Amino acid sequence: MQREFEVLVWGATGFTGRLVAEHLAKYYGDNRPLRWAVGGRNQAKVERLSEELDAPSGRIPFVIGDSHDRASLDEIVRRTSVVCSTVGPYARHGSELVAACVEHGTHYCDISGEVQWMREMIDRHEAAARQSGARIVHCCGFDSIPSDLGCFFLQQYVQAEHDAVCRHVQLRVREMRGAFSGGTVASLLHVLDECRRDPRVRRIVEDPYALNPAGMREGSDGPDCPAVRWDHDLHAWTAPFVMAPINTRVVRRTNALLNYPYGRDFRYDEAVLKQSGPIGWASAKSLSTGLKLFLAAATARPTRAILRKWVLPSPGQGPSAAQRENGFFRIQLVGKTDPDAPGHWSAFVSGESDPGYGTTAGMLAECAVCLAQDADQVSVAGGFWTPASCFGMTLVPRLEARAGMRFTVQPDLSAGGPS
């Protein structure tokens, strides 16, 4: 699409939005030209950001609009090929923007982890997006690119090298250091509020196949495991992973959208990997209990007020530059062609900065640029896609070159696995 901008960073003055804008300014100056702009509601803040960004090409253009003013959004999305949105909670601030992008055939990506909202957008706009050609891609950050693209990467390797598929894949978080921002907290609290008010929303959030297309919401997976479990493949205790209720839905939707390349009996789960022995069990139990207590406290109004005042960051707040630089994640995806047999393949996905902000900003920015500049390699038509079903392997070199990520794969020979 020949429009004024290739990419627009919407919500650029927010915590994550500014990081995305800084990523584009760093990597897409004169040597890698990209026509991009920043946008938001507050003109003074947006204009100041456009002046502060250290871009070789000079001052970055900016646009002004309101997430709840459809006329202003229509005018904005007609000027750009891709909207990259960081304005959450998306259920509160994102619906009109998605509708505008769908109507005007403008591609869109975000970092939403709000399953109930994504399901609503899919149900409401899927047919229109197919008609207009707009590619809508949610979950383009830490939730859920390492999970979704990591699983796709592993399956592509096993298919190409061994003419097989992994019928069961388990993601294990081996190491991770990161922090929450006020925006992430606001999105989580909004989801909890909706679940408390509306039983239908709670059923959607708890459905393991909630994001699958209509008529394809069945499979072998049950509810996310809330308890401590022993991992027989990695010989260690595991605890629940806070992002599993989002990531697992996205991975299962990818399998359905691509017409079940992983198999109709494909199973997928996620957990945090701890040590073996009593120390590992105690560590896993502590994490599991702490997560349950936090969710309970965040749901009840009196304890939520205490958390907001004394514990949780406010909107606009987030980890410092030093904290982001010291962050990292190491994830292992264990794939088995026969769930009941020993041996497996492992894919490893890693990032070298704070997963939720440093690496996420790079992931989202590269997804937006991929939508804008890799049209000849992104073969899907208009509609609502997951990162893996939309970008496939095209995105991996971008993430490795400019987002500090790495994807590798290897067999587990010690367990009698495939060679």
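Residues numbered from 1 in each chain as written. Predicted model: local features only at pLDDT ≥ 70, side-chain atom pairs only at ≥ 80, totals over all residues. Heavy atoms only, no water.

S.K.: Could you give me a rundown of the sheet that holds strand β12 (residues 345–351), with the residues and numbers involved?
M.R.: In space, the seven strands of this open sheet follow the order β8-β9-β10-β7-β11-β12-β14, with mixed pairing throughout. The sheet is open, and its two borders are formed by β8 (229–231) and β14 (405–411), each paired with just one other strand. For this sheet, the mean inter-axis angle between neighbouring strands, taken without regard to orientation, is 35 degrees. Looking at chain direction, β8 and strand β9 (residues 236–239) are connected through three bridges and run antiparallel. Looking at β9, one finds that Trp230 is bridged to Trp237. (Pairing = 2+ DSSP bridges. Helix = DSSP H or I, 4+ residues; strand = E, 2+ residues; numbered from the N terminus. Axes fitted to C-alpha atoms, helices over the stretch in contact; angles between N-to-C directions.)

S.K.: Break down the side chain of Ser353 for me, citing the residues and quoting the values.
M.R.: Relative to the assigned elements, Ser353 resides in the loop between β12 and α14 (355–373). The class of Ser353 is buried, set by a relative accessible area of 17%. Residues in contact with Ser353, not counting those within four places in the same chain, are Arg324, Gly327, Phe328, Gly358 and Thr359. (Buried < 20%, exposed > 50% of the residue type's maximum accessible area, 1.4 Å probe, protein only. Contact = heavy atoms within 4.5 Å.)

S.K.: Tell me about the environment of Gly392, and please be specific about residues and values.
M.R.: Examined against the element boundaries, Gly392 turns out to sit in the loop between α15 (387–391) and α16 (395–402). Assessed through its relative accessible area of 8%, Gly392 is described here as buried. Apart from residues no more than four positions distant in its own chain, Gly392 is found in contact with Leu149, Phe152 and Pro387.

S.K.: An account of the confidence of the model for the protein chain is requested, with residue identities and associated values reported.
M.R.: Chain-level statistics for the protein chain give a pLDDT mean of 92 and a share of 96% at 70 or above. This stretch, residues 413–419, has a pLDDT under 50; its non-local contacts, to residues over four places away or in other chains, come to 13 contacts. (pLDDT = per-residue confidence, 0-100.)

S.K.: Now, about the packing of helix α3 (residues 70–77) against helix α5 (residues 95–104): what can you tell me, with residues and values included?
M.R.: The packing of two helices is summarised by the inter-axis angle and the distance between the axes. Closest axis-to-axis distance for the α3/α5 pair is 9 Å, and the angle between their directions is 45 degrees. By the angle between their directions, the pair α3 and α5 is classed as oblique. For the pair α3 and α5, the sense of crossing is right-handed. Residues Arg70, Leu73, Asp74 and Val77 of α3 touch α5, and the partners they reach there are Glu96, Leu97, Ala99, Ala100, Cys101, Glu103 and His104. Residue composition of the contact of α3 with α5, by class: six nonpolar, one polar and four charged. (Parallel < 35°, antiparallel > 145°, perpendicular 65-115°, else oblique. Left-handed = near helix turned anticlockwise from the far one by under 90°. Nonpolar A, V, L, I, M, F, W, Y, C, P; charged D, E, K, R; others polar.)

S.K.: Please provide a residue-by-residue account of the sheet that holds strand β4 (residues 80–85), values included.
M.R.: What the seven strands build is an open sheet, ordered β3-β2-β1-β4-β5-β6-β13; its pairing is parallel. Of all the strands in the sheet, the pair left with one neighbour each is β3 (62–64) and β13 (383–385). Recorded for the sheet is a direction-independent mean angle of 20 degrees between the axes of neighbouring strands. Sheet topology note: the strand β1 (residues 5–10)/strand β2 (residues 36–40) ladder contains four bridges and is parallel. Looking at the pairing, Val9 lines up with Val38 of β2.

S.K.: Please set out the pairing of β4 residue by residue, giving values where relevant.
M.R.: With respect to burial, β4 is a largely interior element, six of its six residues being buried. Inspection of the sheet shows β1 paired to β4 by five bridges, in the parallel sense. Looking across to β4, one finds that Val9 is bridged to Cys84. Where β4 and strand β5 (residues 107–110) come together, four bridges link them in parallel fashion. In the sheet register, Cys84 faces β5, and the bridge partner there is Cys109.

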